[in-house]
Amino acid sequence: MNTLSNVKTHGGQPDLHNARLGIIPEAVSSKTGVSVGYVHAPDKKWYVLRATYGRADQAADFLINDGNYVYIAKRYTRKTVNGKQKKVLESLIPNLLFAYITPEKSEQLVKHTPALTYLTYYYDHFKKNADDKNPPLTVPSREMENFIYATCSQSEHLLLVNKSQVHYRGGEMVRVTDGLFKGVEGRVARVAGQQRVIVSLSRIGLVSTAYIPTAFLTVISE
């Protein structure tokens, strides 16, 4: 596999044991094998970064080798290659990567690193800073961690959806209590004719899990 994997694997399959215990999987560079663990730090934020021309994996490798925690949401898709069906790992949100770094580090990487001229901020167009400009978008830690729990399985049934594709049922917040998506929190909805849990990622979009049976859901307070 020549793409970034954020979950250590055994026999080519994701090892979800840590994720099910509520532990964020390590970020691993596909080029050097360097790994970086996720550790809460009061001076760091989850920055959303954009890499042009499909170079998100390349940027992630650079950041990880530099000692930074990076996450790219991926899922397996089925494609026909040379007349045969194959499972291929692709980015769930094309060209975007999430880096847990300080504001100073983000400026260094985006604006002062010649090797990353293709890397830019993903800006928050709903806010203005003191200079009347849109600031870089950051995602709250709890929301980002929930997004990672929802996507680190790399399930081929994960979907990036828009509001028109989602039909909410009651709107209660729920937690998945069993199965592949155990620990994920979101809202129950029907997507593509199935009951799923919808996870929201600030200013970016909605992610749908695979089918979740009612027995695996418990209502929680927001």
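Our structure's up above, just so we're on the same page.
What you see is a predicted model, and the numbers here were worked out from it, not measured in a lab. (Residues numbered from 1 in each chain as written. Predicted model: local features only at pLDDT ≥ 70, side-chain atom pairs only at ≥ 80, totals over all residues. Heavy atoms only, no water.)

### Quick notes on the sheet that holds strand β14 (residues 185-191)
Spatial strand order, β12-β16-β15-β14-β13-β17: six strands in an open sheet with antiparallel pairing. Across the chains shown, the open sheet's two edge strands, defined by having one partner strand only, are β12 (159-161) and β17 (217-219). Looking at each pair of strands side by side, their axes are set apart by 50° on average, direction ignored. Of the pairings in the sheet, the one linking β14 to strand β15 (residues 194-201) comprises five bridges and is antiparallel in character. If you follow Arg187 over to β15, its bridge partner there is Ile198. (Pairing = 2+ DSSP bridges. Helix = DSSP H or I, 4+ residues; strand = E, 2+ residues; numbered from the N terminus. Axes fitted to C-alpha atoms, helices over the stretch in contact; angles between N-to-C directions.)

### Remarks on the layout of surface pockets
Looking at the largest pocket, its volume works out to about 390 Å³. Along its surface, the largest pocket is lined by 19 residues, and Arg142, Asn146, Met173, Glu185 and Gly186 are the ones closest to its centre. Listing elements by their share of the lining of the largest pocket, those giving two or more residues are α4 (141-151), β13 (167-176), β14 and β15. For the lining of the largest pocket, the element with the highest residue contribution is α4, accounting for five residues. Residues belonging to the lining of the largest pocket are distributed by class as follows: eight nonpolar, five polar and six charged. There is about 250 Å³ of room inside the second largest pocket. Around the second largest pocket, the lining is made up of 14 residues, and of these Lys45, Pro135, Pro136, Leu137 and Thr138 lie nearest the centre. Listed by contribution, the elements that provide at least two residues to the lining of the second largest pocket are β5 (45-51) and α3 (103-111). (1 Å grid on protein atoms, 1.4 Å probe; cavity = no way out; pocket = protein on both sides within 12 Å on 5 of 7 lines; lining within 4 Å. Points joined across faces, edges and corners; volume = space filled by probe spheres on them. Nonpolar A, V, L, I, M, F, W, Y, C, P; charged D, E, K, R; others polar.)

### Quick notes on the pattern of salt bridges
Under the defined criterion, the tally for this structure stands at nine salt bridges. A salt bridge links Glu156 to Arg78; the shortest N-O distance between them is 3.0 Å. One end of the pair, Glu156, is in the loop between α4 and β12; the other, Arg78, is in strand β7 (residues 74-81), and 78 residues separate them in sequence. Residue Arg78 is classed as exposed on the basis of its relative accessible area, which comes to 53%. For Asp124, the salt bridge goes to Arg203, with nearest N and O atoms at 3.4 Å. With Asp124 in the loop between β10 (119-121) and β11 (138-139) and Arg203 in the loop between β15 and β16 (205-208), this pair connects stretches of sequence that are 79 residues apart. For Asp124, a relative accessible area of 5% corresponds to the buried category. Relative accessible area serves as the criterion here: at 43%, Arg203 is assigned to the partly exposed category. Three or more residues are tied together by salt bridges with common partners; here these are Arg78, Lys87 and Glu156. (Salt bridge = Lys/Arg side-chain N within 4 Å of Asp/Glu carboxyl O. Buried < 20%, exposed > 50% of the residue type's maximum accessible area, 1.4 Å probe, protein only.)

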